[in-house]
Amino acid sequence: MRDDNCIFCKIANGEIPSATLYEDDDFRVIMDLNPASRGHSLILPKDHAANLFELPDETAAKVLPLAKKIGAKLSEGFGSDGFNVVQNNGECAGQTVFHFHTHLIPRYKGDTVSVKWVPGKLAEEDIEKAKSLFS
Ligand code: 5GP
Ligand code: ZN
């Protein structure tokens, strides 16, 4: 359930203090120590899962409603103009802490936050490949 070497396990379960905004049986929501913007916060499950693919469905199903609830408060309270919900899996996707977490990032007109990519063009081969995975 918990990984003794995982810093987010320790934070989520209160062994390491954090700026906690919300807590229930399954989650702790904390402010990011190095925020991308004012109000940037993280949803941490209390049980260890390295990433989305390890997260039990029951826990996963609670993440988006929680993101909505906390995100709405942050957005209103900080007066943000937009809002990103970001979740990274794997080093090459930008994950640096290998305990599932969801970023709540209030956005402000003219801010310097970057959650962007260069748009490509959908290839026929990739449509076929992807569709074949579900047939
Ligand atoms: P990732 O890059 O894995 O998606 O995001 C990890 C996030 O955790 C980063 O935004 C980083 O600033 C934040 N973070 C890393 N260590 C700590 C910590 O000890 N406390 C808090 N509050 N945030 C942390
Ligand atoms: Zn952990």
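Located above this text is the structure these notes cover.
K.L.:
Would you mind showing me how to read the coordination of the zinc ion (ligand 2) here?
P.N.:
Around a metal, the ideal angle is 109.5 degrees if four donors adopt a tetrahedral arrangement and 90 or 180 degrees if six donors adopt an octahedral arrangement. Around the zinc ion (ligand 2), the protein contributes the donor atoms Cys6 (SG), Cys9 (SG), His48 (ND1) and His99 (ND1), which lie 2.0 to 2.3 Å from the metal centre. Classification of the site at the zinc ion (ligand 2) as tetrahedral follows from its four donor atoms and the range of 104 to 116 degrees in their angles at the metal. When the donor residues of the zinc ion (ligand 2) are listed from N- to C-terminus, their spacing reads C-x2-C-x38-H-x50-H. Linking Cys9 in helix H1 (residues 7-12) with His48 in the loop between strand E3 (41-45) and helix H2 (57-78), this pair joins segments that are 39 residues apart in sequence. Note on His48: relative accessible area 24%, which makes it partly exposed.

K.L.:
Just checking my understanding: could you explain the side chain of Asp32 for this structure?
P.N.:
Mapping Asp32 onto the fold places it in the loop between strand E2 (27-31) and E3. Within the buried set, Asp32 has no salt-bridge partner at all; the shortest N-O distance to an opposite charge, 14 Å, is to Arg107. Polar contacts involving the side chain of Asp32 include one to the main-chain amide nitrogen of Asn34, which spans 2.8 Å. Not counting chain neighbours up to four residues away, the residues in contact with Asp32 comprise His40, Ser41, Leu42 and His103.

K.L.:
For this particular structure, what's the right way to read the pairing of strand E5 (residues 102-107)?
P.N.:
The side chains of a regular strand alternate, first on one face of the sheet and then on the other. Among the six residues that make up E5, six are buried, leaving the element largely enclosed by the rest of the structure. Burial along E5 is two-sided: the residues Thr102, Leu104 and Pro106 and His103, Ile105 and Arg107 are all buried. Inspection of the sheet shows E3 paired to E5 by three bridges, in the antiparallel sense. Bridge pairing links Ile43 to Thr102 in E5. As paired elements, strand E4 (residues 82-86) and E5 share five bridges and run antiparallel to each other. When the sheet's bridge partners are listed, Val85 is paired in E5 with Leu104.

K.L.:
Teacher, can you tell me more about the site of ligand 1 here?
P.N.:
Contacts to ligand 1 come from 16 residues, most closely from Asp32, Gly94, Thr96, His101 and His103. Within the contact set of ligand 1, an oxygen atom lies 2.5 Å away from a side-chain nitrogen or oxygen of Asp32. His101 is positioned such that a nitrogen or oxygen atom in its side chain is 2.9 Å from an oxygen atom of ligand 1. Taken by itself ligand 1 offers 520 Å² of open surface, and the protein chains cover 82% of this. Looking at the shell around ligand 1, the elements with two or more residues in it are H1 and E2.

K.L.:
Please clarify how the sheet that holds E2 should be interpreted in this entry.
P.N.:
Read across the open sheet, the five strands follow the order E1-E2-E3-E5-E4; overall the sheet is antiparallel. Every interior strand has two partners, whereas the edge strands, strand E1 (20-23) and E4, have only one. Along the sheet, successive strands turn relative to each other by an average axial angle of 15 degrees, direction set aside.

K.L.:
What is the right way to look at H2 in this model?
P.N.:
Residues lying three or four places apart along an α-helix face the same way, a consequence of the helix completing one turn every 3.6 residues. The end-to-end C-alpha separation of H2 is 31 Å, in line with the 32 Å expected for 22 residues at 1.5 Å each. Three or more residues of H2 are buried, namely Thr59, Val63, Leu66, Ala67, Ile70, Gly71 and Leu74. Summarising the contacts, the buried residues of H2 are in contact with E1, E2, E3, E4 and E5. Positive backbone phi, approximately 65 degrees, marks Gly79, located one or two places after H2.

The rules behind the values
Residues numbered from 1 in each chain as written. Chains lettered and ligands numbered in written order. Predicted model: local features only at pLDDT ≥ 70, side-chain atom pairs only at ≥ 80, totals over all residues. Heavy atoms only, no water. Donors = N, O, S within 2.8 Å, 3.2 Å for Na, K, Ca; no water. Tetrahedral: all angles 85-135°; square planar, octahedral: opposite > 155°, others 65-115°. Helix = DSSP H or I, 4+ residues; strand = E, 2+ residues; numbered from the N terminus. Buried < 20%, exposed > 50% of the residue type's maximum accessible area, 1.4 Å probe, protein only. Lys, Arg positive; Asp, Glu negative; His and termini not counted. Salt bridge = Lys/Arg side-chain N within 4 Å of Asp/Glu carboxyl O. Polar contact = N/O pair within 3.5 Å; in protein donor to acceptor, adjacent residues only side chain to side chain. Contact = heavy atoms within 4.5 Å. Pairing = 2+ DSSP bridges. Near = heavy atom within 4 Å. Areas by Shrake-Rupley, 256 points an atom, 1.4 Å probe, with all protein chains shown as cover. Axes fitted to C-alpha atoms, helices over the stretch in contact; angles between N-to-C directions. Expected span 1.5 Å × (residues − 1).

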